[in-house]
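# Architecture at a glance
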Amino acid sequence: MKATETDPRTETVDTEAGTARITWLPAKKPRLLLALGHGAGGGIEARDLRALGAALPAHGVSVALVEQPWRVAGKKLAPAPKTLDTGWRGLWPALAGPGLPVVSGGRSAGARVACRTATALGARAVLALSFPLHPPGRPEKSRKEELLASGVPTLVVQGGNDPFGRPAEFPPGEYRMAEVPHGDHGFAVPKRSGLTEAQAMEILTTSVTGWLAGIG
C-alpha cells in the first residue's frame, strides 16, 4: 500500500482495487476514529456523511471520509461487492495508522462493506447508515445475513420511509436501531412531515454521538 498526502486534509491510498482517497476531519483530542464509506450512487457529499463529519470531531471522534477507487477514478457505476471489500481492506492500514480504535461505517453499499469486513479487519464497531436490507419492492432478496454477521457492536440508522428497508422490516438481532422519521434512503424528509433537513440530521448525529459515547 502506498499513501500520498495531496493536501493537509486529503490522502490518496493505493489499493489492489485502485487508488482510493481519505478526507481527514480530526478531533483535537480524539479517542476514536470513525471511517465512513459512501454508497453506490454517490460520494462523500451525501448529507448524512457531511453532517457526521461536521458534528463528531467536537465529541472526540475523528472522522475519515473514504472515497472508493471507482469513485476517485470518475466512474459512474460501482463495481461488485468483492471489489468494494478489496478497496476497503486496502485502506485499513491508513485508517488504523493514527493508533485509534476504528469504527467502520458507511451508507448503503458502504454499510454493507463495513458489515462484511468488520471482524476480519478488527473494527471496534460498525455504523450502518441506510443499510439496504433489500432492493426496493423485493423484500425476499434480503441482505440481513450481512448485517447480522458483523460480529461487533453495530448501530443501524434508517430512514422511516427507506424503500430499501424500513425499520420495522429489520430482523431481530444483536444491533441497535435508530430511526430518522419520514426519511428516505438519503435521509431526505418531505415538507409535509414537519421536519426540516437540519432537524433530521440533528436526529441522526445525536443518535450516532450517543452510541459512540459507549464505544471505547
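Everything here concerns the structure above.
The residue count restarts for each chain, going from 1 along the sequence in the order it is written. Note on the predicted model: pLDDT of at least 70 is required for a residue's local features to be given, and 80 or more for side-chain atom pairs to be given and counted; whole-chain, interface and lining totals, by contrast, use all residues. Hydrogens and waters are ignored; side-chain quantities use all the structure's heavy atoms.

## Quick notes on helix H1 (residues 47–55)
Residues three or four positions apart in an α-helix share a direction because the helix packs 3.6 residues into each turn. Categorising residues by exposure relies on relative accessible area from a 1.4 Å probe, with only protein chains included: less than 20% of the type maximum marks a residue as buried, more than 50% marks it as exposed, and the intermediate range marks it as partly exposed. Helix and strand definitions here come from DSSP, where helices need a minimum of 4 consecutive H or I residues and strands a minimum of 2 consecutive E residues; each element is numbered from the N-terminal end. Within the span of H1, buried status applies to Asp 48, Leu 49, Ala 51, Leu 52 and Gly 53. Here a residue-residue contact requires only that any non-hydrogen atoms of the pair lie within 4.5 Å. Residues of H1 that are buried in the fold lie against strand E3 (18–25), strand E4 (32–37), strand E5 (61–67), strand E6 (102–107), strand E7 (125–129) and helix H6 (197–212).

## Observations concerning helix H4 (residues 109–121)
Compared with the 18 Å implied by 1.5 Å per residue over 13 residues, the 18 Å span of H4 between its first and last C-alpha is a close match. Bend is computed residue by residue as the angle between axes fitted to the seven residues ending at the residue and the seven residues starting at it. Taking the largest bend as the criterion, H4 deviates by roughly 30°, centred on Cys 115. Within H4, 10 of the 13 residues are buried, leaving the element largely enclosed by the surrounding structure. Looking at the packing, one finds that the buried side of H4 touches E4, helix H3 (81–96), E6, E7 and helix H5 (144–148). Multiplying 1.5 Å by the residue count of a helix minus one yields the expected span of that helix.

## Overview of the packing of H1 against H6
The N-to-C vectors of H1 and H6 enclose an angle of 60°; their axes lie 10 Å apart at closest approach. Classed by the angle they form, the pair H1 and H6 counts as oblique. The handedness of the crossing between H1 and H6 is right-handed. Residue-level contacts link Arg 47, Asp 48, Arg 50, Ala 51, Leu 52 and Ala 55 of H1 to Glu 197, Met 201, Leu 204, Thr 205 and Val 208 of H6. Polarity classes work like this: nonpolar for Ala, Val, Leu, Ile, Met, Phe, Trp, Tyr, Cys and Pro, charged for Asp, Glu, Lys and Arg, and polar for all others, with Gly in that last group. Looking at the contact of H1 with H6 residue by residue, the class counts come to six nonpolar, one polar and four charged. Interaxial angles span 0 to 180 degrees and are taken between N-to-C directions of axes, which are lines fitted to C-alpha atoms, for helices over the stretch in contact. Any angle from 65 to 115 degrees is called roughly perpendicular, while one under 35 is roughly parallel, one over 145 is roughly antiparallel, and all others are oblique. Each helix crossing is assigned a hand: it is left-handed if the near helix lies turned anticlockwise from the far helix by less than a right angle, otherwise right-handed if that turn is clockwise.

## Some details on the side chain of Ser 130
In this structure, Ser 130 sits in the loop between E7 and H5. The term polar contact refers here to a pair of N or O atoms within 3.5 Å; inside protein, the definition further demands a hydrogen-donor-capable atom paired with an acceptor-capable atom, and it admits residues adjacent in sequence only when both atoms are side-chain atoms. Side-chain polar atoms of Ser 130 contact the backbone oxygen of His 185, separated by 2.8 Å. Setting aside chain neighbours within four positions, we find Ser 130 in contact with Arg 107, Ser 108, Val 157, Gln 158, Asp 162, His 185 and Phe 187.

## A word on the pairing of E3
Of the strand pairs in this sheet, strand E2 (residues 10–15) and E3 are connected by six bridges, and their pairing is antiparallel. Directly across from Thr 15, in E3, lies its bridge partner Gly 18. In this description, strands pair whenever DSSP reports at least two bridges between them. In this antiparallel pair of consecutive strands, E2 and E3, the connection spans two residues. Where E3 lies against E5, five bridges are found, and the strand directions are antiparallel. Bridging from a neighbouring strand, Arg 21 pairs with Glu 67 of E5.

## Thoughts on unusual backbone geometry
Note: most residues except glycine have negative phi, and most peptide bonds are trans. For His 182, which is not a glycine, the phi torsion comes out positive at approximately 70°. Tracing the chain through its elements places His 182 in the loop between strand E9 (176–180) and H6. On the basis of relative accessible area, His 182 is assigned to the partly exposed category, the value being 35%. Although it is not a glycine, Phe 187 adopts a positive phi angle of roughly 65°.

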